[in-house]
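Each chain, letter by letter, is given below.
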Amino acid sequence: MEIKTVDLIKAWANWARTKRHRQTCGSAEGRYRAPSDVDADIPVSSGFTMRDIYACDDAWRKLPIRFRRLIQCIYIARLPDYRIAKRTGIPLPMIKICHDKAVIMIASELDRNK
């Protein structure tokens, strides 16, 4: 497991937590538009580019559903282990092993797409 991959996953999770969706609001005239800064990409301060973040997102989407939920629970939702086990169906002693396997799968997918 590479440290760089874990750091990229953490940057991806930060992006996933803070990304904004275009906001619209019903108004009597129907003229409301979201401010222009809502459409801008969230700046990535961890040294990774948005291309790296999108590549990590694509690699995450290719994981089996159980591993996707695991990565999502650990990095985005930041749940404690017992809640992760309940949400993913992975036994508590196996969470660390499955996490390492998911990170390796993401790293291999990122290497394949370079």
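Residues numbered from 1 in each chain as written. Predicted model: local features only at pLDDT ≥ 70, side-chain atom pairs only at ≥ 80, totals over all residues. Heavy atoms only, no water.

**Some thoughts on the packing of aromatic side chains**
Piece 1. This model, assessed by the stated rule, comprises two aromatic pairs.
Piece 2. For the ring pair tryptophan 12 and tryptophan 60, a centre distance of 5.2 Å and an interplane angle of 40° mean the geometry is tilted. Of this pair, tryptophan 12 sits in helix H1 (residues 3-18) while tryptophan 60 sits in helix H2 (residues 50-61), and the two are 48 residues apart along the sequence. Each member of the pair, tryptophan 12 together with tryptophan 60, is buried.
Piece 3. For the ring pair tryptophan 15 and tyrosine 54, a centre distance of 5.6 Å and an interplane angle of 85° mean the geometry is edge-to-face. On the criterion of sequence distance, the pair formed by tryptophan 15 in helix H1 and tyrosine 54 in helix H2 is long-range, its members being 39 residues apart. (Phe/Tyr/Trp six-rings, centres within 6.5 Å; stacked < 30°, edge-to-face > 60°. Helix = DSSP H or I, 4+ residues; strand = E, 2+ residues; numbered from the N terminus. Buried < 20%, exposed > 50% of the residue type's maximum accessible area, 1.4 Å probe, protein only.)

**Focus on the side chain of glutamate 109**
Piece 1. Looking at the secondary structure, you find glutamate 109 in helix H5 (residues 95-112).
Piece 2. Accessibility expressed as a relative area gives 10% for glutamate 109, which makes it buried.
Piece 3. Reaching out from glutamate 109, the side chain makes a polar contact with the side chain of lysine 62 at a distance of 3.1 Å.
Piece 4. Here arginine 112 takes part through its side chain, which lies 2.9 Å from a polar atom of the side chain of glutamate 109. (Polar contact = N/O pair within 3.5 Å; in protein donor to acceptor, adjacent residues only side chain to side chain.)

**Observations concerning the confidence of the model for the protein chain**
The predicted coordinates of low-pLDDT regions are not to be read in fine detail.
Piece 1. Averaged over every residue, the pLDDT of the protein chain is 83; the share at 70 or more is 74%.
Piece 2. In the predicted structure, residues 37-42 sits below a pLDDT of 50 and forms twelve contacts with residues beyond four places in sequence or in another chain. (pLDDT = per-residue confidence, 0-100. Contact = heavy atoms within 4.5 Å.)

**Points about the nonpolar core**
Among soluble globular proteins, nonpolar side chains are generally buried collectively.
Piece 1. The biggest cluster of nonpolar side chains holds 30 residues, and the ones touching the most others in it are Ile9, Trp12, Ile53, Leu70, Ile71 and Ile106.
Piece 2. Listed by contribution, the elements that provide at least two residues to this core are H1, H2, helix H3 (65-76), helix H4 (81-88) and H5.
Piece 3. A per-element tally of this core places H1 first, with seven residues. (Core = buried A, V, L, I, M, F, W, Y, C linked by side-chain atoms within 4.5 Å.)

**Points about H1**
Piece 1. With 16 residues, H1 extends 23 Å between its outermost C-alpha atoms, agreeing within 8% with the 22 Å of an ideal straight helix rising 1.5 Å per residue.
Piece 2. The complete set of buried residues in H1 reads Thr5, Val6, Leu8, Ile9, Ala11, Trp12, Ala13 and Trp15.
Piece 3. Contact partners of the buried residues in H1: H2, H3 and H5. (Expected span 1.5 Å × (residues − 1).)

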